[in-house]
Amino acid sequence: MAVNYDPAIIGRVFETTDPVPVDAATIATFAATIGDTNPLHVDPEVARQGPYGGLTAPPSFAVTFRNGRHFFEHVPRFGKQGFDAGKDVEFVAPIRPGDAITLSSHVKEIYEKTGRSGSMVFVVIRSTLTNQNGAVVAHVDHRFMNRT
Amino acid sequence: MPDKVMRYEDVNIGDALGPEEMYLSKDQVRAYAKAMGMWVARFTNDEEARKEGLPGMITPGNMSLAILSKLVTDWIGTGAARMTRLGTTYRQPVIPDHTIALHGFVTHKNDEERTVEMDVWIESEDAERLVIGTATVQFPK
């Protein structure tokens, strides 16, 4: 099956969110829900003596930022069903209390694979997380699988 | 979390992360869904989830990712090593009110870059690998 789409969509940012402020309480709540007691994330005194000189969020906090309201309208669909097949996250720099995080999303790639259960089309959307200083803190690649 | 600092020199290919057993309750999944603004039927309500063709309420993929991330960061400890990459594949739904086991092992070391690669996964009580992944940890140069 040929996968048809407009190649111009690849790499073009389709949505940028408003900045989302990060505070120590939100980080602590997130850490608690997954049972993370690492003092670098929850104990300001220990964190101050640590490698970052202050509290940082657990790396996986990067995936908790919500996509923009129109995110899913821009995810190309092929075939009948779409599944969240996984994520690839590049943690570029720690997220800290006081940061304000913006997500910019684009279609990174579209590819076809044939497995035991038939043909599948994968759509990878990359959301780049940037802080208030314009520094990239993470890239989150969302891998969506469509059965054709 | 045990107070420790993992050093690059102490890491060997084949070293295990875990296995660590974890009883994942429905309440814990609901607490995560609520805190993270993901309060939707498939993550919070068995009956509604079944209407979507699921076996019951499931764990959000992001929560599974966060649980695997914690396996790696607990292994690192409180030192200056940092997880720089985590890739996950959601193979089968993680059903709460079951015990899951978190596994991992070191697959590669790069002495020049001082990075360590590892495989990580979440296993069900039936030894099925529900979520699989790979991670990279950067040690201070």
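Criteria and thresholds
Residues numbered from 1 in each chain as written. Chains lettered and ligands numbered in written order. Predicted model: local features only at pLDDT ≥ 70, side-chain atom pairs only at ≥ 80, totals over all residues. Contact = placed C-beta atoms within 7 Å. Helix = DSSP H or I, 4+ residues; strand = E, 2+ residues; numbered from the N terminus. Nonpolar A, V, L, I, M, F, W, Y, C, P; charged D, E, K, R; others polar. Expected span 1.5 Å × (residues − 1). Buried ≥ 20, exposed ≤ 12 C-beta atoms within 10 Å, placed from the backbone. pLDDT = per-residue confidence, 0-100. Core = buried A, V, L, I, M, F, W, Y, C linked by C-beta atoms within 7 Å.

A. Representation of the interface of chain B and chain A in the model. Contacts between the two partners involve 27 residues from chain B and, on the opposite side, 25 residues from chain A. Of all the elements in the fold, those that place two or more residues in the side of chain B that touches chain A are helix H1 (26–35), helix H4 (61–76) and strand E2 (82–90) of chain B. Considering each element in turn, the side of chain B that touches chain A owes the most residues, nine residues, to H4 of chain B. Considering only residue class, the side of chain B that touches chain A consists of 13 nonpolar, twelve polar and two charged.

B. Representation of H4 of chain B in the model. Residue and element names in this part refer to chain B. The terminal C-alpha atoms of H4 lie 23 Å apart, and with 16 residues this matches the ideal 22 Å at 1.5 Å per residue to within 8%. The buried fraction of H4 amounts to 16 of the 16 residues, a majority that puts the element mostly inside the structure. Looking one or two residues past H4, Gly 77 carries a phi angle of roughly 85 degrees, positive in sign.

C. Structural context of the environment of Val 29 of chain B. Residues and elements named next belong to chain B. Locating Val 29 in the fold gives a position in helix H1. Among the residues examined, Val 29 registers 23 C-beta atoms within 10 Å and is labelled buried. Separated by 83 residues in sequence, Val 29 and Glu 112 place their C-alpha atoms 41 Å apart. When residues no more than four places from it in sequence are discounted, the contact partners of Val 29 are Leu 24, Phe 43, Met 57, Thr 59, Met 63 and Pro 96.

D. The arrangement of the confidence of the model for chain B in detail. Here chain B averages 95 in pLDDT, while 99% of its residues score no lower than 70. We note a pTM of 0.94 for the whole complex and an ipTM of 0.94 for its interfaces.

E. Representation of the nonpolar core within the structure. Formed by 58 residues in total, the largest nonpolar core has its most connected members in Ala 62 of chain A together with Leu 68, Val 72, Val 120, Ile 122 and Val 137 of chain B. Top element by residues in this core is H4 of chain B. It accounts for nine residues. Among the nonpolar cores identified, the runner-up in size contains seven residues, and Val 107, Val 121, Val 123 and Met 145 of chain A belong to it.

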